[in-house]
Amino acid sequence: MTTSRYSSKGGKSYPARHGEPPPMSFFDREWPAAGGARFDLALDAVGLALVGIDEERAEALRARYGPYAAAAHAPIAVHFGIDERPHFIEPAGELEFNPIWIACDGTRVRYLGLRVAGWFDTAARDGRLVLASGGVEPDLRAIENYLRCAVAWDAASRGGALVHGASAVRNGRAYLFFGESGAGKSTLSAVTDRATVVSDDLTLLLPRPGGGLDVVGSPFRGTYEEGPPVVGRFPLAAAFRILKGPAAEVKDAPRAIVFGQLVGNLTFVAEAFGARPDLFASVEAAFSKVPLRHLVFRKDDSYWDAIDAAGL
């Protein structure tokens, strides 16, 4: 399975490129550790550790991830190395946004980005990240793309998801707002003063004991920078496919349609459902008790009035 990620944010569509991550035989080579440091990322039950990273990059990652840079229980231990080549994907001659190619081999996922080649196994809890030496992409962004992918798969393996969607917490309950780039997730987040925004781009969901899902605070907040990072878990009250319109309104829609739209926003994982139908079944079960609706909104936070009027 191959995929190429691209962005249409701001109404500009960048062309997708297709390719394949290297086979596992590529990783038979032993890259020396870049240093003796370790970086840990803990997002509730989801966790990763970069082992053998140099202290300078580890410290930069700790500063970037703040309260999430903590030891996790049974993290995926990812061995870090540096490759002498400048990049793994030849840069395009035109504007593009972070091409990422993945391949699913059961519980193991192979990954390739502009400057990172790697793999991780959500069952064996190990992996490899090799960073190319060139400057075509900043170090931390290249590493973060890999981390996001690993978090998405680790969440999916636990019955959760990493959704291309905004989220906010109001009165102790969380709400998810999803849609493609340009749908208005950042706008919807920016205009509210009635809720605590968790993210305007990627939202981590994990199963709640006894059923249902929780929104879990993560560092993947997108462009939203107001207020401190959100840490903790909050019960998901409802999920909305967002649509722009002249007046705020919650609209009923066939559940199968809204769920299909949601599945299209399960970043990094949706393309693998053919190879991993168990993951699709897990996501379907996880959302079975979550109300799914369409939400029409305008450039103010009157959408909360519409959500309240709908009893959600």
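Here the structure is a predicted model, which is why all the values come from computation and not from measurement.

1. Things to note about the sheet that holds strand β1 (residues 37-43)
Note: strands within a sheet are paired through backbone hydrogen bonds, in either parallel or antiparallel orientation. Taking strand neighbours across the sheet as the criterion, the seven strands line up as β1-β2-β3-β7-β6-β5-β4 in an open arrangement whose pairing is mixed. Whereas interior strands pair on both sides, the edge strands pair on one side only; in this sheet they are β1 and β4 (101-105). In this sheet, adjacent strand axes meet at a mean angle of 15 degrees when their direction is disregarded. Relative to strand β5 (residues 108-112), β4 runs antiparallel, the two being bridged by five bridges. Looking at β5, one finds that Trp101 is bridged to Leu112.

2. A look at the environment of Pro209
Mapped onto the fold, Pro209 is located in the loop between β11 (202-207) and β12 (213-216). A residue is classified by how much of its surface remains accessible, and Pro209, at 76% relative accessible area, is exposed. C-alpha separation for the pair Pro209 and Trp101, spaced 108 residues apart in sequence, amounts to 34 Å.

3. A closer look at the nonpolar core
Counting 70 residues, the largest nonpolar core has Leu50, Leu129, Trp153 and Phe287 as the members making the most contacts within it. Broken down by element, the residue count for this core peaks at eleven residues, all from helix α2 (residues 139-157). Not counting residues within four places of it along the chain, the set of residues in contact with Phe287 comprises Leu205, Leu213, Leu236, Arg255, Phe259, Leu262 and Leu292. The next biggest cluster of nonpolar side chains, apart from the first, holds 19 residues, and it includes Ala168, Ala237, Ala238 and Leu312.

4. Notes on the packing of helix α1 (residues 55-65) against α2
At a closest axis distance of 11 Å, the pairing of α1 and α2 adopts a crossing angle of 70 degrees. What the angle tells us is that α1 and α2 run roughly perpendicular. In the crossing of α1 with α2, the sense of the turn from one axis to the other is right-handed. Judged by residue contacts, Arg57, Ala60, Leu61, Arg64 and Tyr65 of α1 engage Asp139, Leu140, Ile143, Glu144 and Leu147 from α2. Its residues assigned to classes, the contact of α1 with α2 comprises six nonpolar, no polar and four charged.

What counts, and at which threshold
- Residues numbered from 1 in each chain as written.
- Predicted model: local features only at pLDDT ≥ 70, side-chain atom pairs only at ≥ 80, totals over all residues.
- Heavy atoms only, no water.
- Pairing = 2+ DSSP bridges.
- Helix = DSSP H or I, 4+ residues; strand = E, 2+ residues; numbered from the N terminus.
- Axes fitted to C-alpha atoms, helices over the stretch in contact; angles between N-to-C directions.
- Buried < 20%, exposed > 50% of the residue type's maximum accessible area, 1.4 Å probe, protein only.
- Core = buried A, V, L, I, M, F, W, Y, C linked by side-chain atoms within 4.5 Å.
- Contact = heavy atoms within 4.5 Å.
- Parallel < 35°, antiparallel > 145°, perpendicular 65-115°, else oblique.
- Left-handed = near helix turned anticlockwise from the far one by under 90°.
- Nonpolar A, V, L, I, M, F, W, Y, C, P; charged D, E, K, R; others polar.

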